[in-house]
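Observations on the three-dimensional arrangement
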Amino acid sequence: MLVNQFLFLGAILFCIGIYGVLARKNAVLVLMSIELILNACNINLVAFGAMWHANDVSNMSGQVFALFVIAIAAAEVGVGLAIVLLIYRNRQSIDVNDVDLLKG
Amino acid sequence: MLALLVAQNIAFYVIAALIVFGAIRVVTCKNLMHAALWLVVVLAGVAAQYILLAAEFVAVTQVLVYLGAIIVLFLFGIMLTRAKTGTDEDLDNGKIPKIGAGVIGVAMLGLLGYSLWDGFGDREFGDLLVQRTAQVSDSIFSTYLLPFEVISVLLLAALIGAIVLARRD
Amino acid sequence: MPELLDKVWIVPAIMALSFLIILFFGKRAGTRATAGIGIAAVSLCLLFSVVVAGQWINRVNNPPTGEKLAQDIVKANGLTPQNAEDVEAEANAATHDSGETAATASGTPTVTPIALELASTGAESAAGATASEEHGSGEHGSVPPVVRTVTWFQMGGISFEAGTLVDGLTAMMLITVCIISLLVHIYSTEYLRGDIRYTHYYAFLSLFTASMLFYVMSSNTLQMLVGWELVGVCSFGLIGHWWEEKKNSDAALKAFLTNRVGDMGLIIGVAITFFAAGANSFNVLHINEYALSGAANTTLLLVGGLCLFGGVTSKSGQFPLHTWLPDAMAGPTPVSALIHAATMVVAGVYLIARLYGVFFAGLGIGSSSLHYVAFIGGFTTIIGGLLAFVQTDLKKVLAYSTISQLGYMVMALGVGAWTAGVFHLFTHAFFKACLFLGAGSVSHACHHTFDMREMGGLRKKMPITHATFLAATLALAGIFPLAGFWSKDEILAGASSGQESAYTLMLVFGLITAFMTAAYMGRAYWMTFWGNYRGHAKPHESPKVITVPLIILAACAVFLGFTNFPTNFFGLKLPGGFTTRFEHYVEPTFAFPPLQHAEFTPWLAIASTVLAAAGFFLVYQYYAKNRGPHGLTGRSGLARAGYGFLENKYYLDTIYTDGIAGATKGPLARASNWVNQNVLDGVVNGVGTVARVSAGFVYKDIDQLVVDGAVNGSGSVSEGAGQFLRRIQTGKVQQYASILFAGAVVLAGVFVFVI
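Residues numbered from 1 in each chain as written. Chains lettered and ligands numbered in written order. Predicted model: local features only at pLDDT ≥ 70, side-chain atom pairs only at ≥ 80, totals over all residues. Heavy atoms only, no water.

Digging into the overall build of chain C
What chain C contains, in helices and strands, is 30 helices and two strands. Counting all 755 residues of chain C, 54% fall into the buried class. Entry remark: accessible area of chain C is about 31,300 Å², with carbon and sulfur atoms responsible for 66%. (Helix = DSSP H or I, 4+ residues; strand = E, 2+ residues; numbered from the N terminus. Buried < 20%, exposed > 50% of the residue type's maximum accessible area, 1.4 Å probe, protein only. Areas by Shrake-Rupley, 256 points an atom, 1.4 Å probe, with all protein chains shown as cover.)

Written out as structure tokens, the structure reads:
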């Protein structure tokens, strides 16, 4: 197998995720798209990890970092959904375009 | 050996196609609940790819954490914000932002594809050795002990933060 | 009895545990249990500290020899056993070689001459030679402190260590902190009865005690920094204990912020000593040794010493950063006794005492008769004492007295009278705590007022408080034979003999302060306890929980002075086992400069006592007999001006708030406004104009537009530019994200294809 197979898969997933983040206006969907981006990164990490592992058996960095990313993703979703809930409670809507207090 | 490689490649492409299709559905479909379910497909596919990469522990963790916990969180989020059941036309931005997003996504994909091909070309994995869980744990609890602790503190902070944010008072 | 000298970490751990228990279970357990936990924990610590002190005394009496000595020295220097062998090898090499190649010139930079010397001593004694008598700097050989470290973390090849260091100074501080903390804990059960934040208060007391204990047993400057900041935080929390009143929370903020100013100095000082120490070590003993060995860069040491002194200035209330201390009296009185008189504020003095090598070598204590530390100390004693005269608030009198006495300690350390300074720290802690607790007892009886104008005649109504207050007042004024007499006298003797020449100016400062101390304390004493009662409450003696701590502290104030009885007191020569015990056990003999010890000076003792008595007498005449120039401020403009000057605290606060803060606020705001008006608008206008002009060239055919634009002027142009720029700021997150990603694509494209 080529390394690039996985890297391309990661790249495609990443770009789909970016599209989702930019094109969706439902906050929950935006969060889901962010999960896509994180998964794309994880595929890359594990692929690189496997690549290095083939050279050096003691090198587990790729997987370890993938695990860290999963943990951080869990934290991010928790806090993110809490914020979404709070917005919903205050505005009865989770349209990200409604939250524009920074408007100049 | 060759047969195995062919089988792996076939599996990869089938799963990859599923992932890409699922991901596109996640960002385009008009039903919030369906989007969440398509996300399940994507995440499960990614877990399968980890198996192909001989990373068992990450695959299992992916299933446990993402499919088990995060998806449930999303479903709760969808329900608590009283989303419309069924089709909802009001999930996307207008046409211009969507086109902009598409352009940015395609441009980024082109750039990434070019650099990846430029950087790795047809580099092979070599022999994929199974990366055993024991090795992962050895690595986490020796080399990466400090980041591990930091992440546990981060999780705790996120937990507290989520509670503080979401509770009614 | 197991050896506890290397297990002192248990002491702060107990207090930290007590803090956690009170924090998490205090509310549920109720007030009695909360206080009980705190008191039990401090008692345990006190017991432990007493045992530690006993074991230290034993260690000084039977100093380690041979291999054990060598091991201890290695540990004290924070060297690994591997290095230790190098030390010995180099020591041998150094003794064999001629003078030039010895010591610092060759070998690893981690090894300093004193370590070499002592390690070789240890090696020799291991080889069968007798004890290291002739090598020691004191009269009783060199007793290295007991150091125990663990590696905290490693970074860039340097391992940072955490550990405990126990020597006489540490043992003394442990006992002082524990005793006073215990008495304050007990006292507070009554004083804070029914307070809304009772558990909060006790939790902070525990945390404070823990941090102070942690601070005094630190083996390296990083750890000291941690302890230092922790006590600062506790001080903040306790000063603002009653934060509902704006005044109190302001005082807490002021204390905290003023301390931050000094802390910057401390952090920079720690960094400088780290590098000046050459060995990249935070180990205090190592830093001291290196500073004293003469190998360190003197300029670096001077700057480092001055920066460290910045920390001392703020924490120990030295001029000009003393202004927070009187305001800190907004906290509950037991806190004032514990923190702002006895323990926390001496953290700065302790810092000088602990890093004495740096100050000694950096500021030239041994070779000059006027330098920064001594002068600031001396100056602070005077200005603090003067301010105490114009206060009507009993606690503020004591606060300014604390500033003055802290100045005394710093001055003592500055003139090289190390033992005298530390001894004064020790005695002062007890009588000042007694005075503060006495003031608290008085206010407890008088409807929580500290205004001396509403007191008077309390002598009969509160006999125990009166007696203890009197004892502590006399001790503070330095009346023979109370504790203050001995410590103050030693400082004066130290100033008069100095190191190489006499510190005449400091001696004068000291004598003036001796007079002033007696006078302002006499004033406070007479106003509070004599005459007729002027308030409206019905004063009564406080309960036993309050009076017993007072009695204990008063007893300490009376008797503790004898712990450092001079060798030759008016010809009275006690056996060696009874004189200068404090000096014998507390003064370090390891990594410590060779100091001249001042002899007891009869004429100074008499002069200072006479001055103190004169102070009392004058004030007695003025306040009790109502003689002297009363109403002077009403008649003489000069006196009124002087009084106003003092009453406004030399206008220092005004300078700080209006001068520094105001100046920063005003001009800075005006400058940024100017930048906004001229530079930023100019840029926007410029951009607009340029765009217009270039458009003009492109659309030359449409002449009308150009003319229009030129005619309408840059006003409309800038408005247009503003409108355009405004449209980018939509407040929509996704638009920002689009710009971010697009920017990333463009930048990455530039990197991939162009560069």
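So that's the structure; there's more coming.
A few points about the overall build of chain B
Within chain B, the secondary structure is distributed over six helices and zero strands. Ordering the α and β elements of chain B from the N terminus gives α-α-α-α-α-α. For chain B, the residues scored as buried account for 35% of the 169 residues in total. Sequence-distant contacts in chain B: of pairs separated by 6 or more residues, those separated by 24 or more amount to 65%. Of the roughly 9,500 Å² of accessible surface on chain B, 72% is carried by carbon and sulfur atoms. (Contact = heavy atoms within 4.5 Å.)

Structural notes on the pattern of salt bridges
Counted according to the given criterion, the structure contains 13 salt bridges over all chains. Note that A:Arg24 is salt-bridged to B:Asp92, the shortest N-O span being 2.5 Å. Here B:Asp92 lies in the loop between α3 (56-80) and α4 (95-120) and A:Arg24 lies in the loop between α1 (3-23) and α2 (27-55), a pairing that spans two chains. On the basis of relative accessibility, which here comes to 0%, the residue A:Arg24 falls in the buried class. With a shortest N-O distance of 3.2 Å, C:Asp327 and C:Lys254 are connected by a salt bridge. Residue C:Asp327 is found in helix α12 (residues 324-327), and its partner C:Lys254 is found in helix α9 (residues 246-276); the two are separated by 73 residues along the sequence. For the pair C:Asp327 and C:Lys254, one class covers both residues: buried. Several salt bridges share partner residues, and in doing so they unite A:Arg24, B:Lys30, B:Asp92 and B:Lys98 into one network. (Salt bridge = Lys/Arg side-chain N within 4 Å of Asp/Glu carboxyl O.)

Overview of the UniProt feature "transmembrane region" (unreviewed entry) in chain B
Residue and element names in this part refer to chain B. The sites that carry the UniProt feature "transmembrane region" (unreviewed entry) are, in the present numbering, residues 6-28, 35-53, 59-78, 99-117 and 144-166. For residues 35-53, the end-to-end C-alpha separation is 27 Å, with 95% helix and 0% strand making up the annotated structure. In this annotation, residues 59-78 is assigned 100% helix and 0% strand; the end-to-end C-alpha distance for the span is 26 Å. (UniProt positions renumbered as here; feature names shortened; annotations may be inferred.)

Brief notes about the interface of chain A and chain B
How big an interface is tends to be stated in terms of accessible area lost as the parts join. In this assembly, 70 residues from chain A lie in contact with 85 residues from chain B. Across the interface of chain A and chain B, roughly 7,300 Å² is buried in total on both sides, 75% from carbon and sulfur atoms. Area buried by chain A at its contact with chain B is led by A:Met1, A:Tyr19 and A:Arg24, which between them contribute 11% of it. The tally of links from chain A across to chain B stands at two salt bridges. Scanning the region where chain A abuts chain B turns up 20 residue pairs in polar contact (both at pLDDT 80 or more). Listed by contribution, the elements that provide at least two residues to the side of chain A that touches chain B are α1, α2 and α3 (61-91) of chain A. Broken down by element, the side of chain A that touches chain B gets its largest block of residues, 24 residues, from α3(A). (Buried area = accessible area lost by both parts, 1.4 Å probe. Polar contact = N/O pair within 3.5 Å; in protein donor to acceptor, adjacent residues only side chain to side chain.)

Things to note about the environment of B:Asn93
Here B:Asn93 shows up in the loop between α3 and α4. For B:Asn93, a relative accessible area of 10% puts it in the buried group. Among residues more than four places away in sequence, those in contact with B:Asn93 are A:Leu22, A:Ala23, A:Arg24, A:Lys25, A:Asn97, B:Lys98 and C:Gln734. A distance of 3.1 Å separates the side chain of B:Asn93 from the backbone oxygen of A:Leu22, its partner in a polar contact. A polar side-chain atom of B:Asn93 sits 2.8 Å from a polar atom in the side chain of A:Asn97.

Comments concerning the packing of helix α6 (residues 168-191) of chain C against helix α18 (residues 418-445) of chain C
Residue and element names in this part refer to chain C. It is at 11 Å that the axes of α6 and α18 come closest, and there the two elements cross at 0°. Judged on the interaxial angle alone, α18 and α6 are roughly parallel. In contact with Leu169, Met172, Met173, Thr176, Ile179, Ile180, Tyr187, Glu190 and Tyr191 of α6, α18 contributes Trp418, Val422, Leu425, Phe426, Ala429, Phe430, Ala433, Leu437, Gly440, Ser441, Ser443 and His444. Residues belonging to the contact of α6 with α18 are distributed by class as follows: 15 nonpolar, five polar and one charged. (Axes fitted to C-alpha atoms, helices over the stretch in contact; angles between N-to-C directions. Parallel < 35°, antiparallel > 145°, perpendicular 65-115°, else oblique. Nonpolar A, V, L, I, M, F, W, Y, C, P; charged D, E, K, R; others polar.)

With respect to the interface of chain A and chain C
Taken together, the 13 residues of chain A in the interface contact eleven residues of chain C. Across the contact surface, chain A and chain C share zero salt bridges. Inspection of the chain A/chain C interface yields two residue pairs in polar contact (both at pLDDT 80 or more). Looking at which element gives the most residues to the side of chain A that touches chain C, the answer is α1(A), with three residues.

Section: the side chain of C:Gln318
Residues and elements named next belong to chain C. Locating Gln318 in the fold gives a position in the loop between α11 (298-315) and α12. Polar side-chain contacts of Gln318 include one of 3.1 Å to the backbone oxygen of Ser316. Filtering out sequence-adjacent residues up to four positions away, Gln318 remains in contact with Val312, Thr313, Ile376, Gly377, Thr380, Ile403, Leu406, Gly407 and Val410.

Side note on unusual backbone geometry
The backbone of A:Gln92 shows a phi angle near 55°, a positive value even though the residue is not glycine. Here A:Gln92 is to be found in the segment after α3. Positive phi, close to 65°, is recorded for B:Ala54, a residue that is not glycine. Owing to a relative accessible area of 11%, B:Ala54 belongs among the buried residues under this scheme.

As for the packing of aromatic side chains
Residues and elements named next belong to chain B. A full pass over the atoms with the stated rule returns 30 aromatic pairs over all chains. When the centroid spacing of 5.3 Å and the interplanar angle of 90° are considered together, the rings of Phe21 and Trp38 count as edge-to-face. Of this pair, Phe21 sits in helix α1 (residues 2-28) while Trp38 sits in helix α2 (residues 32-52); the two residues are 17 residues apart in sequence, bridging distant segments of the chain. Given the relative accessible area of 45%, Phe21 is considered partly exposed. (Phe/Tyr/Trp six-rings, centres within 6.5 Å; stacked < 30°, edge-to-face > 60°.)

Examining the confidence of the model for chain B
On average, residues of chain B carry a pLDDT of 88, and 97% of them reach 70 or more. Averaged pLDDT values for the elements of chain B fall to 87 in α1(B) and rise to 93 in α2(B). (pLDDT = per-residue confidence, 0-100.)

Structural notes on α11(C)
Think of an α-helix as 3.6 residues a turn; residues three or four steps apart then line up on the same face. All names here are of chain C. When the terminal C-alpha atoms of α11 are compared, their 25 Å separation across 18 residues agrees well with the 26 Å that a helix rising 1.5 Å per residue should span. Within α11 the residues assigned to the buried category are Leu301, Gly304, Gly305, Cys307, Leu308, Phe309, Gly311, Val312, Thr313, Ser314 and Lys315. Directly after α11, the chain includes Gly317, whose backbone phi takes a positive value near 60°. (Expected span 1.5 Å × (residues − 1).)

Some points on helix α17 (residues 394-414) of chain C
All names here are of chain C. Its 21 residues place the ends of α17 30 Å apart at the C-alpha level, agreeing with the 30 Å of an ideal helix rising 1.5 Å per residue. Most of α17 sits out of view: 20 of its 21 residues are buried. Of the residues that open α17, the one with a side-chain oxygen 2.8 Å from the backbone nitrogen of Lys395 is Asp393. Just past α17, the residue Gly416 takes up positive phi, approximately 90°.

Things to note about the environment of B:Thr28
As for its placement among the helices and strands, B:Thr28 is situated in helix α1. Sequence separation between B:Thr28 and B:Leu91 is 63 residues, and the spatial gap between their C-alpha atoms is 9.0 Å. B:Thr28 has contacts with A:Tyr19 and A:Arg24, leaving out every residue within four places of it along the chain.

Focus: the packing of α6(C) against helix α14 (residues 346-354) of chain C
All names here are of chain C. Two numbers describe how α6 lies on α14: the axes approach to 11 Å, and their chain directions differ by 165°. Considering the angle they form, α6 stands roughly antiparallel to α14. Here the hand of the crossing between α6 and α14 comes out right-handed. Of the residues in α14, those in contact with Leu169, Thr170 and Met173 of α6 are Val346, Tyr350, Ala353 and Arg354. Its residues assigned to classes, the contact of α6 with α14 comprises five nonpolar, one polar and one charged. (Left-handed = near helix turned anticlockwise from the far one by under 90°.)

Things to note about a nonpolar patch on the surface
On the surface, B:Tyr114, C:Val746, C:Leu747, C:Val750, C:Phe751, C:Val752, C:Phe753, C:Val754 and C:Ile755 cluster together to form a nonpolar patch covering roughly 910 Å² of accessible area. For the nonpolar patch, the leading source of residues is helix α30 (residues 733-754) of chain C, giving seven residues. Examined against the element boundaries, C:Val746 turns out to sit in helix α30. According to the relative accessible area criterion, C:Val746 is exposed, its value standing at 54%. (Patch = residues over 30% accessible without salt bridge, like charges linked within 9 Å, V, L, I, M, F, W, Y side chains within 5 Å.)

Regarding the confidence of the model for chain C
Residues and elements named next belong to chain C. Within chain C, residue pLDDT values average 77, and 81% of them lie at 70 or more. Segment residues 80-87 is flagged for pLDDT under 50; beyond a separation of four residues in sequence, or across chains, it makes eight contacts in the model. The low-confidence segment residues 89-140 (pLDDT under 50) makes 61 contacts with residues lying over four places distant or belonging to another chain. In the predicted complex, the global pTM is 0.63; the interface-specific ipTM is 0.91.

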